[in-house]
Amino acid sequence: LTPPENEQQIKQQLDSLKSVIDCLELEKNRIGKDMDSLQELKDQFEAQCLQNCLNIKEELDRLQKLSKISMDQQMISMITLQVPYIKEELYENAMSEYIDNIIKQVENFNTQAERLNYIRNQLAFKRLFSVIVTNMDAIRLTLYKRERMKEQSRYLKYEEAVGSTGQSQGIYIQFLIAIINYISSINASSKETAFIGKTIFIDNPFGAAKDIYIWEPIFKLLKINHVQLIVPARG
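This write-up is about the structure you can find in this document. (Residues numbered from 1 in each chain as written. Predicted model: local features only at pLDDT ≥ 70, side-chain atom pairs only at ≥ 80, totals over all residues. Heavy atoms only, no water.)

Side note on the overall build of the chain
Convention followed: Here a strand is any run of E in DSSP of at least two residues, a helix any run of H or I of at least four, and the numbering for each starts at the N terminus. In this analysis, two residues are considered to be in contact whenever any of their non-hydrogen atoms come within 4.5 Å of each other.
When helices and strands are tallied, the chain shows seven helices and seven strands. Written out in order from the N terminus, the α and β elements of the chain read α-α-β-β-β-α-α-α-β-β-α-β-α-β. Within the chain, contacts between residues at least 6 apart in sequence are counted, and of these 66% link residues at least 24 apart.

Details of helix α7 (residues 212–224)
Stated precisely, the cut-off is as follows: Multiplying 1.5 Å by the helix residue count minus one yields the expected span of that helix. Burial status follows relative accessibility: with a 1.4 Å probe on protein chains alone, a residue under 20% of its type maximum counts as buried, one over 50% as exposed, and anything between as partly exposed. The arc in question is the one traced by the directions running from the helix axis out to the C-beta atoms.
Its 13 residues give α7 an end-to-end C-alpha distance of 18 Å, which sits within 8% of 18 Å, the value for a rise of 1.5 Å per residue. If you check which residues of α7 are buried, you get Ile214, Trp215, Pro217, Ile218, Leu221 and Leu222. Viewed along the axis of α7, the buried residues span an arc of 165°, placing them on a single side of the element. In α7, the exposed positions angled more than 90 degrees off the buried face are occupied by Ile212, Lys220 and Lys223.

Observations concerning the pattern of salt bridges
Going by this rule: In the sections that follow, a salt bridge refers to a side-chain nitrogen of Lys or Arg positioned within 4 Å of a carboxyl oxygen of Asp or Glu.
By the definition in use, this model includes four salt bridges. Its salt-bridge partner being Asp61, residue Lys57 comes within 3.1 Å of it at the nearest N-O pair. Of this pair, Lys57 and Asp61 both sit in helix α1 (residues 7–61), four residues apart, which is roughly one turn of that helix.

Here's the deal with the packing of helix α3 (residues 91–106) against helix α4 (residues 112–122)
Note the threshold: Orientation is described by axes fitted as lines to C-alpha atoms, over the contacting stretch for helices, and by angles from 0 to 180 degrees between their N-to-C directions. Roughly parallel means an angle under 35 degrees; roughly antiparallel, over 145; roughly perpendicular, 65 to 115; everything else is oblique. Each helix crossing is assigned a hand: it is left-handed if the near helix lies turned anticlockwise from the far helix by less than a right angle, otherwise right-handed if that turn is clockwise.
One way to put it is that α3 packs onto α4 with a least axis distance of 10 Å and a crossing angle of 160°. The orientation of α3 relative to α4 falls into the category roughly antiparallel. Note on packing geometry: the crossing formed by α3 with α4 is right-handed. Counted together, Tyr98, Asn101, Ile102, Gln105 and Val106 of α3 and Arg115, Tyr118, Ile119 and Gln122 of α4 form the full contact between these two elements.

Structure follows, in structure tokens:
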């Protein structure tokens, strides 16, 4: 700026500086409002992602209860599920950090298509759900293995719930009955829960398991739990 030579020039420069300050203040306020709007959108998006996780958690929490089937005149949970969740008070921070990391990592991709594909993969339900779980590999699913002698029946890890070919098939059919019972129950209204029909299609299950001692209890399970078995078999 040219040094002022008189009082009038001083006043003019002060007015000019005041105008610049006013413009800067307006721009600062505009940017501040934009940042607040962006933060609000980010908070809403994080809340939506977290709600998706909580919806999944709620349905999984119902798995053991709704996978109960009638067996030997009592209701038995065919499935147990143990999920190592992080502490509930850490959910929001964990989700915020996860979204921040996605935003940071997406800049490493060169094309828009690559960025969209990365974001889509990171926002898949399984990845979102892993945010509130300490270790996805530590999730444990157990199946109830029914033995001919009731007192020998027990829960086994999913990967260990095996026996002979026929026994394994029997376990998995029981697992199917329980899962279908669970799915039907969570989608049924309160008026429908007393009697829900279900259907299982299995391609020739008798080929590997012919023993009557395997199928007799399965047929009883199907009948008492209102499950229809349809077996399309060649010949």
